[in-house]
Structures are given as structure tokens and as C-alpha cells.
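Here is what each chain is made of, one letter per residue.
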Amino acid sequence: MTSFVSEHVDRIQTALASPEASHSALVASWRRSSSAHHLNPAEYRSPSRLTDRELQLAREASGPLLDLAQPSLDRLFQAVGAAGCSVLLADKHGVALDRRGFGADDKTFESWGLWKGAIWSEESEGTNGIGTCIVEQRTLTIHRDQHFYARNALMSCTTAPIFNHVGELAAVLDVSSCRADLVEGISGLVTIAASDAARRIEAENFKACYATARIILPNTPNSSALLAVDADDLVIGANRAARHGFGIDQAMINRGVPVQHFLKELSDTALSLQNAERGAIQRALAEVDGNVSAAAKTLGISRATLHRKMKRLSLSSNR
């Protein structure tokens, strides 16, 4: 065992035995790697990889998200590639589905397992950016010797979770560097870039899943919140940020809750929506001399729906 590997193993064992273990997220991950997954930090082997057929099936299982992510992967790599970084998109099981990297660095990244088909779950690789992000479901960086395996201690990995249209973990976006001189300032920029790219992918996927709905971006401190609203102004979808920000759960969505219920504290946004809707209904009624049935047909909604909207907006009609 080399001196570095021995020191790395000793550092982990000391941390696991210290009081730090009860309040450090990193040490908690090391403990999972050691106790739950029975991994040895000194073990040297290549990361496990799927066969070509298994990778194809994993990519197909990701659904449209993989295709929707392509522009964001390209933009992210354009932002971080010059700093010696590669970009990986992994599924919720830690399988690397797609990557971006410069050809000159490919041999290094492939030898480290930062390649399509590699499995980066904590169960397989111990503490690492992708696997630990899957467990903790938050943006994080595992820098060099914070990795559980000593053989992974030359890389720095920043990861951001990607949640699907119902707020469940769907994928992980990873930016990894093989450069020893990755300074703190660059690391911070990488974190921002990865988080922004993950949110863009989430938004594109959310819009695709509710292609026929109206998508509302509430004017909240959390600018990534999204609501999907049907023709009756009922919320039929909410992304993870909106669910957390407004306290929405799936049972509420299944019952059918008016979007105004969640916008009532956002007076400017709600007023703007109401004014636009009121104007559209008033114009439709005026064009048909107040005939509700004809106005509903013009607006593409049912007579009952139009009556509900008119009652909510305090509008009346001649007939």
C-alpha cells in the first residue's frame, strides 16, 4: 500500500471514529460506503460498466429527458470545458448516459471511469459526486480526497440533481475535473453553471410533460418554480421547487386546486392574470352580444367553465 493510500485510509477511519461522524455529511457518506456497502477505500479496480446493450436500455429508460438535455449539456460544456472539465449526465441509478469532453482529455477521463456506461452510485463507487448527490438530492462537490476510494482522489466532481415533473429525482448532472489546480473561485463558478443547467433541463422536461397546459412562473424568490394550469385554472402539475415553495403535494393536485390559491400571496401576479382573463372574457362576450354559450365556444371552453370564471371575476351577462 502506497503512502498516499495508507494516509487516505487512516484519515477515513479516524473520521469515522470521531465525534465528527455525527454531524458531517461527508463522513456520513464515508460511513455508508464502509458500513452499508462494505467497500474498502484502498481497493483498486476500474469502475463497473454496463454492456453496450445495457447502456442502450438505460438510455431508453430515461425517456425524453435525455433528448431534451442535449442543448443544456452543450452549453454547460462550452462554459466549463476550457477549465479541463468533462460533463456527464447520469440517471437516478448513477449510470452515466451521456458525456461531453475534449478529445485530448478522453484517455484520462475514460481510465477514471468518467465515461458513458460507468456506474457511479455510492453502492458501487463509495462517496463520489454522482452517487452522493443521488443520496442527498442536492447540489454538492466532492473534491479530490473527499472521495471514498483513494483511486478517485485525483478528481474533483460537482453535481446537481435533476427532478422530473412530479418532483422525483430523475437524473444527475456532473462536472468533473482532472486538474490539480482547480481553484476555489473556478469551483464556485462550476457549481453555479451546473445548477443552472440542471434547472434548465428540469424546466424543458416539465413543459414537455404538460405540453397542452398553461405554464406559470410565479414571481417568487425561487425563480425555478413552475405550475401547469388547465383550461379551468386548476393546477395539474407543479415541479419540485413549486411543491416546496407552496406546500403542494400530489393529493392537492389530484383534488383540483385553483391556481389562485397559490397566487393569493402574490398580488401583482394574480392581479395581472385576472386582468388579462377578465379582458379576454369581456371581449368574447361583447362580440356575441353577451351570449354565454357563444362566448364559451369562441374561447374554446365549456359553458359551465365560463360561468365559473365569470362568477370568480364578478362578471355578468345579458343572457
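Look up a bit, the structure's there.
The text that follows walks through the structure, step by step, so that each part is easy to find.

1. A look at the overall build of the chain
Scanning the chain for helices and strands turns up 14 helices and nine strands. Relative to its length of 319 residues, the chain is extended, with a C-alpha radius of gyration of 25 Å against a globular reference of 20 Å. Principal-axis analysis of the C-alpha atoms places the extent of the chain at approximately 90 × 45 × 35 Å. By residue count, 47% of the 319 residues in the chain fall in the buried class. Taking the intrachain contacts of the chain between residues at least 6 apart in sequence as the baseline, contacts between residues at least 24 apart amount to 57%.

2. Some thoughts on the packing of aromatic side chains
Summed over the entire model, instances satisfying the criterion amount to four aromatic pairs. For the ring pair F206 and Y210, a centre distance of 4.9 Å and an interplane angle of 50° mean the geometry is tilted. Each member of the pair, F206 as well as Y210, carries the same accessibility label: buried. Here the basic side chain of R151 rests over the ring of Y149, its NZ or CZ set 4.2 Å away from the ring centre. Taking NZ or CZ as reference, R240 lies 3.9 Å from the ring centre of F163, over its face.

3. Quick notes on the sheet that holds strand β6 (residues 214-216)
Read across the sheet, four strands follow the order β6-β7-β8-β9 without closing on themselves; strand pairing throughout is antiparallel. Because the sheet does not close on itself, it has two edges, and the strands there are β6 and β9 (257-258).

4. Notes on the pattern of salt bridges
Summed over all chains, the structure comprises 15 salt bridges. Residue R11 pairs with D145 through a salt bridge whose shortest N-O separation is 3.7 Å. On the criterion of sequence distance, the pair formed by R11 in helix α1 (residues 3-17) and D145 in the loop between β3 (140-143) and β4 (156-163) is long-range, its members being 134 residues apart. Overall, R11 belongs to the partly exposed group, its relative accessible area being 36%. Each of R32, E122, E136 and R138 takes part in a single network of salt bridges with overlapping partners.

5. Topic: the nonpolar core
By size, the foremost hydrophobic cluster in this structure holds 26 residues, and its most contacted members are L76, V80, V87, L89, I162, L173 and V175. Elements represented by at least two residues in this core include exactly α3 (52-61), α4 (65-80), β1 (85-91), β4, β5 (169-177) and α8 (184-209). Among the elements that take part in this core, α4 stands out by supplying seven residues, more than any other. The residues touching V175, leaving out its near neighbours within four places in the chain, are L76, V80, C85, S86, V87, S156, C157, T158, V190 and A194. Core analysis: the second largest hydrophobic core is formed by 18 residues, W120, I134, I142 and C157 among them.

6. What about the sheet that holds β4?
An order of β2-β1-β5-β4-β3 is seen for the five strands of this open sheet, with the pairing classed as antiparallel. Here the strands that pair on one side only, and so sit at the sheet edges, are β2 (96-100) and β3. Each strand of the sheet is rotated relative to its neighbour by a mean of 20°, with strand direction disregarded. For β1 and β5, the ladder comprises seven bridges, and the chain directions are antiparallel. From the neighbouring strand, L89 faces β5, where its bridge partner is L173. Set on the sheet, helix α5 (residues 103-112) makes contact with β1, β2 and β5; between it and β5 the angle comes to about 125°. Sheet contacts for helix α7 (residues 129-136): β1, β3, β4 and β5; angle to β4, the most-contacted strand, approximately 35°.

7. Section: the side chain of T127
Here T127 lies in the loop between α6 (122-125) and α7. In this view, T127 contacts L26, S29, W30, S33, E122, T132, I142, Q146, H147 and F148; residues no more than four positions away in its chain are not counted.

8. Examining the pairing of β5
Along β5, eight of the nine residues are buried, which leaves the element largely enclosed by surrounding structure. In terms of strand pairing, β4 meets β5 through eight bridges, oriented antiparallel. Across the sheet, P161 pairs through a bridge with V172, a residue of β5. What sits between β4 and β5 in their antiparallel hairpin is a turn of five residues, with G167 showing a positive phi close to 85°.

9. A few points about the environment of F163
Position of F163 relative to the elements: it lies in strand β4. Spatially, the C-alpha atom of F163 lies 32 Å from that of I301, the residues being 138 residues apart in sequence. Residues within four places of F163 in sequence aside, it is in contact with Q137, E168, L169, A170, E202 and R240.

Parameters at a glance
- Residues numbered from 1 in each chain as written.
- Predicted model: local features only at pLDDT ≥ 70, side-chain atom pairs only at ≥ 80, totals over all residues.
- Heavy atoms only, no water.
- Helix = DSSP H or I, 4+ residues; strand = E, 2+ residues; numbered from the N terminus.
- Rg over C-alpha atoms; globule rule 2.2 N^0.38 Å.
- Buried < 20%, exposed > 50% of the residue type's maximum accessible area, 1.4 Å probe, protein only.
- Contact = heavy atoms within 4.5 Å.
- Phe/Tyr/Trp six-rings, centres within 6.5 Å; stacked < 30°, edge-to-face > 60°.
- Lys NZ or Arg CZ within 6 Å of the ring centre and 35° of its normal.
- Pairing = 2+ DSSP bridges.
- Salt bridge = Lys/Arg side-chain N within 4 Å of Asp/Glu carboxyl O.
- Core = buried A, V, L, I, M, F, W, Y, C linked by side-chain atoms within 4.5 Å.
- Axes fitted to C-alpha atoms, helices over the stretch in contact; angles between N-to-C directions.

From the geometry alone we can't say anything about function, so treat these as descriptive.
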